[in-house]
Amino acid sequence: MNPRKHLPPVVLLGGDANALSVARSLSGDGVAVHAMGLPNSPVRWSRFCRWISAGTRSDVQESWTRFLLGPESEHLRGAVLLSCCDDGIELIAKHREALGQKFKLDESNQHAQLCMLNKLETYQAAAAAGVPTPRFWVAQRREQILALKDDMRYPIIVKPLLSHVYASRIGKGKFVRANNFDELLAGFRSLNERAGIEVVLMESIPGPDDRLCSYYTYLDEQGRPLFDFTKRIIRRSPMNRGPACYHVTDWNPEVKDLALRLFQHVGLRGLANAEFKRDERDGQLKLIECNARFTAANCLVAASGLDLAK
(Lines give C-alpha, C1' and ligand atoms only; values in the text may rest on other atoms or scores of the structure.)
Protein backbone atom coordinates (compact mmCIF):
# COMPACT_ATOMS: atom_id res chain seq x y z
CA MET A 1 0.00 0.00 0.00
CA ASN A 2 1.27 3.43 -0.90
CA PRO A 3 0.60 5.75 2.10
CA ARG A 4 0.81 8.79 -0.17
CA LYS A 5 -2.49 7.80 -1.77
CA HIS A 6 -4.16 8.74 1.50
CA LEU A 7 -2.75 12.24 1.72
CA PRO A 8 -5.55 14.84 1.83
CA PRO A 9 -5.97 17.28 -1.07
CA VAL A 10 -4.64 20.81 -0.74
CA VAL A 11 -6.31 24.11 -1.65
CA LEU A 12 -3.97 27.02 -2.39
CA LEU A 13 -5.23 30.56 -1.91
CA GLY A 14 -3.77 33.13 -4.31
CA GLY A 15 -0.13 33.69 -5.07
CA ASP A 16 1.95 33.75 -8.24
CA ALA A 17 5.35 32.08 -8.56
CA ASN A 18 5.11 30.85 -4.96
CA ALA A 19 1.79 29.07 -5.62
CA LEU A 20 3.26 27.45 -8.72
CA SER A 21 6.24 26.23 -6.68
CA VAL A 22 4.01 24.79 -3.94
CA ALA A 23 1.74 23.07 -6.48
CA ARG A 24 4.69 21.42 -8.24
CA SER A 25 6.14 20.22 -4.96
CA LEU A 26 2.97 18.72 -3.54
CA SER A 27 1.80 17.22 -6.81
CA GLY A 28 5.14 15.44 -7.11
CA ASP A 29 4.32 13.72 -3.82
CA GLY A 30 0.97 12.53 -5.14
CA VAL A 31 -1.16 15.22 -3.51
CA ALA A 32 -4.22 16.47 -5.39
CA VAL A 33 -3.71 20.24 -5.54
CA HIS A 34 -6.46 22.78 -6.18
CA ALA A 35 -5.68 26.48 -6.64
CA MET A 36 -7.81 29.59 -6.61
CA GLY A 37 -6.57 33.05 -7.36
CA LEU A 38 -6.63 35.90 -9.84
CA PRO A 39 -7.27 35.05 -13.50
CA ASN A 40 -3.71 35.96 -14.54
CA SER A 41 -1.97 33.79 -11.93
CA PRO A 42 0.58 31.44 -13.56
CA VAL A 43 -0.55 28.52 -11.41
CA ARG A 44 -3.86 28.59 -13.31
CA TRP A 45 -2.19 26.95 -16.31
CA SER A 46 -0.09 24.48 -14.37
CA ARG A 47 -0.54 20.78 -15.02
CA PHE A 48 0.21 20.21 -11.34
CA CYS A 49 -3.10 21.56 -10.04
CA ARG A 50 -6.80 22.00 -10.75
CA TRP A 51 -7.97 25.57 -11.10
CA ILE A 52 -10.94 26.96 -9.14
CA SER A 53 -12.45 30.03 -10.75
CA ALA A 54 -13.70 32.36 -8.03
CA GLY A 55 -13.57 36.14 -7.89
CA THR A 56 -11.72 39.14 -9.26
CA ARG A 57 -9.16 41.49 -7.68
CA SER A 58 -11.90 43.78 -6.36
CA ASP A 59 -13.88 41.09 -4.49
CA VAL A 60 -11.34 38.35 -3.93
CA GLN A 61 -11.87 37.75 -0.21
CA GLU A 62 -15.65 37.85 -0.44
CA SER A 63 -15.80 35.41 -3.35
CA TRP A 64 -13.24 33.04 -1.84
CA THR A 65 -15.10 33.04 1.48
CA ARG A 66 -18.42 32.28 -0.22
CA PHE A 67 -16.87 29.38 -2.10
CA LEU A 68 -14.95 27.89 0.82
CA LEU A 69 -17.81 28.09 3.33
CA GLY A 70 -20.55 27.29 0.81
CA PRO A 71 -21.81 24.08 -0.79
CA GLU A 72 -19.65 24.41 -3.93
CA SER A 73 -16.57 23.34 -1.99
CA GLU A 74 -18.18 20.38 -0.24
CA HIS A 75 -16.16 17.94 -2.37
CA LEU A 76 -13.02 19.48 -0.82
CA ARG A 77 -14.07 18.92 2.79
CA GLY A 78 -11.06 17.72 4.77
CA ALA A 79 -8.55 19.37 2.43
CA VAL A 80 -5.55 21.30 3.74
CA LEU A 81 -5.99 25.05 3.24
CA LEU A 82 -2.76 26.97 2.55
CA SER A 83 -2.30 30.66 1.80
CA CYS A 84 0.15 31.99 -0.78
CA CYS A 85 -0.97 35.63 -0.51
CA ASP A 86 -1.92 38.31 2.01
CA ASP A 87 -5.62 38.13 1.10
CA GLY A 88 -5.54 34.46 2.03
CA ILE A 89 -3.81 35.15 5.34
CA GLU A 90 -6.46 37.72 6.27
CA LEU A 91 -9.32 35.50 5.12
CA ILE A 92 -8.17 32.50 7.17
CA ALA A 93 -7.50 34.68 10.22
CA LYS A 94 -10.96 36.26 10.10
CA HIS A 95 -12.86 33.01 9.47
CA ARG A 96 -10.57 30.52 11.18
CA GLU A 97 -13.21 28.90 13.39
CA ALA A 98 -15.67 28.31 10.55
CA LEU A 99 -12.98 27.19 8.11
CA GLY A 100 -11.50 24.86 10.72
CA GLN A 101 -14.76 22.91 10.84
CA LYS A 102 -14.43 22.08 7.14
CA PHE A 103 -10.70 22.16 6.31
CA LYS A 104 -7.36 21.30 7.88
CA LEU A 105 -5.55 24.51 8.83
CA ASP A 106 -1.90 25.26 9.42
CA GLU A 107 -0.51 26.16 12.86
CA SER A 108 -1.33 29.81 13.43
CA ASN A 109 -1.75 32.73 15.80
CA GLN A 110 -4.14 34.83 13.76
CA HIS A 111 -3.61 37.97 15.85
CA ALA A 112 0.14 37.84 15.23
CA GLN A 113 -0.39 37.14 11.53
CA LEU A 114 -2.66 40.16 11.18
CA CYS A 115 -0.06 42.24 13.02
CA MET A 116 2.57 41.17 10.45
CA LEU A 117 0.21 42.10 7.59
CA ASN A 118 -0.12 45.66 8.86
CA LYS A 119 3.09 47.57 8.14
CA LEU A 120 2.64 50.13 10.91
CA GLU A 121 1.85 47.47 13.51
CA THR A 122 4.85 45.46 12.31
CA TYR A 123 7.24 48.40 12.77
CA GLN A 124 5.72 49.28 16.14
CA ALA A 125 6.08 45.66 17.31
CA ALA A 126 9.68 45.59 16.08
CA ALA A 127 10.49 48.78 17.96
CA ALA A 128 8.95 47.31 21.12
CA ALA A 129 11.03 44.15 20.66
CA GLY A 130 14.24 46.09 20.18
CA VAL A 131 14.55 45.21 16.48
CA PRO A 132 15.96 48.10 14.38
CA THR A 133 13.65 49.62 11.77
CA PRO A 134 13.82 52.51 9.34
CA ARG A 135 12.42 55.74 10.75
CA PHE A 136 8.66 55.78 10.29
CA TRP A 137 5.82 58.19 10.92
CA VAL A 138 2.06 57.78 11.38
CA ALA A 139 0.19 59.53 8.56
CA GLN A 140 -3.57 59.40 8.94
CA ARG A 141 -4.28 63.02 8.04
CA ARG A 142 -2.67 65.72 5.92
CA GLU A 143 -2.25 67.87 9.05
CA GLN A 144 0.03 65.24 10.57
CA ILE A 145 2.33 65.40 7.54
CA LEU A 146 2.43 69.20 7.63
CA ALA A 147 3.47 69.03 11.29
CA LEU A 148 6.27 66.58 10.42
CA LYS A 149 7.72 68.63 7.54
CA ASP A 150 10.94 69.61 9.31
CA ASP A 151 11.51 66.07 10.68
CA MET A 152 11.61 64.30 7.31
CA ARG A 153 14.70 62.90 5.61
CA TYR A 154 14.26 62.03 1.94
CA PRO A 155 13.59 59.92 0.05
CA ILE A 156 10.42 58.87 1.88
CA ILE A 157 8.26 55.87 1.02
CA VAL A 158 4.49 56.34 1.26
CA LYS A 159 3.67 52.74 2.09
CA PRO A 160 0.23 51.14 2.41
CA LEU A 161 -0.51 49.55 5.75
CA LEU A 162 -1.96 46.56 3.87
CA SER A 163 -0.21 45.60 0.62
CA HIS A 164 -3.15 43.57 -0.70
CA VAL A 165 -5.50 46.55 -0.33
CA TYR A 166 -3.06 48.64 -2.38
CA ALA A 167 -2.93 45.89 -5.02
CA SER A 168 -6.72 45.74 -5.29
CA ARG A 169 -7.13 49.51 -5.71
CA ILE A 170 -3.95 50.61 -7.48
CA GLY A 171 -2.59 47.49 -9.13
CA LYS A 172 0.97 48.32 -10.15
CA GLY A 173 3.84 48.75 -7.72
CA LYS A 174 3.87 48.49 -3.93
CA PHE A 175 4.30 52.08 -2.72
CA VAL A 176 4.92 55.70 -3.73
CA ARG A 177 8.43 57.13 -3.46
CA ALA A 178 8.81 60.83 -2.60
CA ASN A 179 12.05 62.77 -3.07
CA ASN A 180 10.77 66.03 -1.56
CA PHE A 181 7.91 67.42 0.48
CA ASP A 182 5.70 68.27 -2.51
CA GLU A 183 5.99 64.71 -3.83
CA LEU A 184 5.22 63.42 -0.34
CA LEU A 185 1.98 65.41 -0.17
CA ALA A 186 1.06 64.31 -3.70
CA GLY A 187 1.70 60.66 -2.85
CA PHE A 188 -0.34 60.87 0.32
CA ARG A 189 -3.17 62.57 -1.55
CA SER A 190 -3.24 59.93 -4.32
CA LEU A 191 -3.26 56.97 -1.93
CA ASN A 192 -5.04 58.12 1.20
CA GLU A 193 -7.40 60.86 0.08
CA ARG A 194 -8.33 59.54 -3.37
CA ALA A 195 -7.98 55.77 -3.07
CA GLY A 196 -8.84 55.52 0.63
CA ILE A 197 -5.69 53.54 1.45
CA GLU A 198 -4.23 53.88 4.95
CA VAL A 199 -0.48 54.52 4.81
CA VAL A 200 2.65 54.84 6.90
CA LEU A 201 5.58 57.07 5.98
CA MET A 202 8.88 55.19 6.00
CA GLU A 203 12.45 56.31 5.51
CA SER A 204 14.07 54.72 2.45
CA ILE A 205 17.22 52.86 3.46
CA PRO A 206 20.04 53.84 1.08
CA GLY A 207 22.36 51.37 -0.60
CA PRO A 208 22.26 48.76 -3.36
CA ASP A 209 20.12 45.64 -3.50
CA ASP A 210 22.86 43.38 -2.13
CA ARG A 211 22.25 44.87 1.31
CA LEU A 212 18.97 42.90 1.51
CA CYS A 213 18.78 39.61 3.40
CA SER A 214 16.06 37.32 4.77
CA TYR A 215 15.32 34.66 7.37
CA TYR A 216 12.83 31.77 7.06
CA THR A 217 11.52 29.34 9.64
CA TYR A 218 8.48 27.45 10.89
CA LEU A 219 7.41 28.15 14.48
CA ASP A 220 5.72 25.31 16.36
CA GLU A 221 2.91 25.67 18.89
CA GLN A 222 5.41 26.78 21.55
CA GLY A 223 6.98 29.33 19.20
CA ARG A 224 10.14 27.29 18.70
CA PRO A 225 11.82 27.46 15.26
CA LEU A 226 11.93 24.06 13.56
CA PHE A 227 14.67 25.16 11.18
CA ASP A 228 16.77 28.22 10.30
CA PHE A 229 17.42 29.43 6.77
CA THR A 230 18.96 32.71 5.61
CA LYS A 231 19.62 34.15 2.17
CA ARG A 232 20.55 37.46 0.63
CA ILE A 233 19.75 39.28 -2.58
CA ILE A 234 22.40 40.25 -5.09
CA ARG A 235 20.21 41.85 -7.74
CA ARG A 236 16.64 42.95 -8.39
CA SER A 237 15.02 43.88 -11.69
CA PRO A 238 14.30 46.73 -12.06
CA MET A 239 17.18 47.70 -9.78
CA ASN A 240 16.28 48.88 -6.25
CA ARG A 241 12.55 48.26 -6.64
CA GLY A 242 11.72 45.11 -8.63
CA PRO A 243 11.52 41.40 -7.73
CA ALA A 244 14.76 39.66 -6.82
CA CYS A 245 16.38 37.82 -9.73
CA TYR A 246 19.71 36.77 -8.16
CA HIS A 247 20.00 35.30 -4.66
CA VAL A 248 22.77 33.74 -2.59
CA THR A 249 22.02 31.27 0.20
CA ASP A 250 24.44 31.68 3.07
CA TRP A 251 24.32 31.65 6.85
CA ASN A 252 23.73 34.92 8.71
CA PRO A 253 23.08 34.46 12.46
CA GLU A 254 22.44 38.19 12.91
CA VAL A 255 19.40 38.02 10.62
CA LYS A 256 18.13 34.96 12.46
CA ASP A 257 18.47 36.55 15.89
CA LEU A 258 16.67 39.76 14.92
CA ALA A 259 13.85 37.99 13.10
CA LEU A 260 13.24 35.50 15.91
CA ARG A 261 13.21 38.31 18.44
CA LEU A 262 10.33 39.91 16.55
CA PHE A 263 8.45 36.65 15.81
CA GLN A 264 8.55 35.52 19.42
CA HIS A 265 7.65 38.98 20.70
CA VAL A 266 4.37 38.96 18.74
CA GLY A 267 3.73 35.22 19.22
CA LEU A 268 3.87 34.22 15.56
CA ARG A 269 3.22 30.56 14.69
CA GLY A 270 3.65 28.57 11.47
CA LEU A 271 5.59 29.81 8.44
CA ALA A 272 7.55 33.00 9.06
CA ASN A 273 9.83 35.16 6.93
CA ALA A 274 11.45 38.53 7.62
CA GLU A 275 13.46 40.73 5.27
CA PHE A 276 16.10 43.22 6.42
CA LYS A 277 18.39 45.74 4.76
CA ARG A 278 21.75 46.80 6.13
CA ASP A 279 21.90 50.56 6.55
CA GLU A 280 25.34 51.69 5.39
CA ARG A 281 25.03 54.85 7.51
CA ASP A 282 25.18 53.03 10.85
CA GLY A 283 25.87 49.39 9.88
CA GLN A 284 22.60 48.10 11.37
CA LEU A 285 20.26 45.59 9.80
CA LYS A 286 16.81 47.22 9.66
CA LEU A 287 13.48 45.50 9.18
CA ILE A 288 11.79 45.93 5.81
CA GLU A 289 8.82 43.55 6.05
CA CYS A 290 7.52 40.23 7.36
CA ASN A 291 5.55 37.46 5.63
CA ALA A 292 3.74 34.70 7.50
CA ARG A 293 3.31 32.58 4.33
CA PHE A 294 5.10 31.17 1.30
CA THR A 295 7.06 33.88 -0.51
CA ALA A 296 8.15 34.44 -4.10
CA ALA A 297 11.49 32.77 -3.28
CA ASN A 298 9.83 29.49 -2.23
CA CYS A 299 11.37 27.59 -5.14
CA LEU A 300 14.84 28.71 -4.02
CA VAL A 301 14.21 27.65 -0.44
CA ALA A 302 12.96 24.26 -1.66
CA ALA A 303 15.98 23.80 -3.95
CA SER A 304 18.19 24.51 -0.94
CA GLY A 305 16.73 21.47 0.83
CA LEU A 306 13.83 22.99 2.77
CA ASP A 307 10.63 22.18 0.92
CA LEU A 308 8.23 24.22 3.05
CA ALA A 309 5.14 22.90 1.29
CA LYS A 310 5.84 19.41 2.61
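Reading guide: rules and limits
Residues numbered from 1 in each chain as written. Predicted model: local features only at pLDDT ≥ 70, side-chain atom pairs only at ≥ 80, totals over all residues. Heavy atoms only, no water. Pairing = 2+ DSSP bridges. Helix = DSSP H or I, 4+ residues; strand = E, 2+ residues; numbered from the N terminus. Contact = heavy atoms within 4.5 Å. Axes fitted to C-alpha atoms, helices over the stretch in contact; angles between N-to-C directions. Expected span 1.5 Å × (residues − 1). Buried < 20%, exposed > 50% of the residue type's maximum accessible area, 1.4 Å probe, protein only. Polar contact = N/O pair within 3.5 Å; in protein donor to acceptor, adjacent residues only side chain to side chain. Salt bridge = Lys/Arg side-chain N within 4 Å of Asp/Glu carboxyl O. Core = buried A, V, L, I, M, F, W, Y, C linked by side-chain atoms within 4.5 Å.

### Observations regarding the sheet that holds strand S5 (residues 104–105)
Reasoning step 1: Reading across the sheet, the five strands line up as S3-S2-S1-S4-S5 and stay open at both edges, with parallel pairing between neighbours. If you trace the sheet from one side to the other, it starts and ends with strand S3 (50–52) and S5, each paired once.
Reasoning step 2: Direction of pairing for strand S2 (residues 33–36) relative to S3: parallel, over a ladder of three bridges. Counterpart to Met36 in the pairing with S3 is Ile52.
Reasoning step 3: Across the sheet, helix H1 (residues 17–28) lies against strand S1 (10–13), S2 and strand S4 (80–83), angled at about 170° from S1, the strand it touches most.
Reasoning step 4: The sheet contacts of helix H3 (residues 86–94) involve S1 and S4, and relative to S4 the element is tilted by about 130°.

### Remarks on helix H10 (residues 253–266)
Reasoning step 1: Here H10 is 14 residues long and its end C-alpha atoms lie 20 Å apart, about the 20 Å a rise of 1.5 Å per residue gives.
Reasoning step 2: Listing the buried residues of H10 in full gives Val255, Leu258, Ala259, Leu260, Leu262, Phe263 and Val266.
Reasoning step 3: Lining the buried residues of H10 we find helix H5 (110–117), helix H6 (119–129), strand S10 (212–219), strand S11 (229–236), strand S13 (270–278) and strand S14 (285–291).
Reasoning step 4: At the N-terminal boundary of H10, the capping side chain belongs to Asn252, with an oxygen 3.1 Å from the backbone nitrogen of Glu254.

### As for the pattern of salt bridges
Reasoning step 1: This structure, assessed with the given rule, holds 19 salt bridges.
Reasoning step 2: Measuring nitrogen to oxygen at the nearest pair gives 2.6 Å for the salt bridge that ties Arg77 to Glu74.
Reasoning step 3: Looking at Glu74, the relative accessible area reads 39%, which means it is partly exposed.
Reasoning step 4: Across the pair Asp228 and Lys256 runs a salt bridge whose closest N-O atoms are separated by 3.5 Å. Note that Asp228 is positioned in the loop between S10 and S11 and Lys256 in helix H10, a separation of 28 residues in sequence.
Reasoning step 5: Through salt bridges with shared partners, a single ionic network connects Arg153, Glu203, Asp279, Arg281, Asp282 and Lys286.

### Digging into unusual backbone geometry
Reasoning step 1: Of note, the amide linkage connecting Tyr154 to Pro155 takes the cis form, showing an omega dihedral of 5°.
Reasoning step 2: Examined against the element boundaries, Pro155 turns out to sit in the loop between helix H7 (142–147) and strand S7 (156–160).

### Digging into the nonpolar core
Reasoning step 1: Ranked by internal contacts, the top residues of the largest apolar core, which has 31 residues, are Leu262, Phe263, Val266, Leu268, Phe276 and Leu287.
Reasoning step 2: Those elements that provide at least two residues to this core are H5, H6, strand S9 (199–203), S10, H10, S13 and S14.
Reasoning step 3: In terms of residue count, H10 provides more of this core than any other element does, seven residues in total.
Reasoning step 4: In this structure Leu262 touches Met116, Thr122, Ala125, Ala126, Ala129, Val131, Leu287 and Cys290, once residues within four positions along its chain are discounted.
Reasoning step 5: Ranked by size, the runner-up nonpolar core spans 24 residues in total, among them Val10, Cys84, Phe229 and Ala297.

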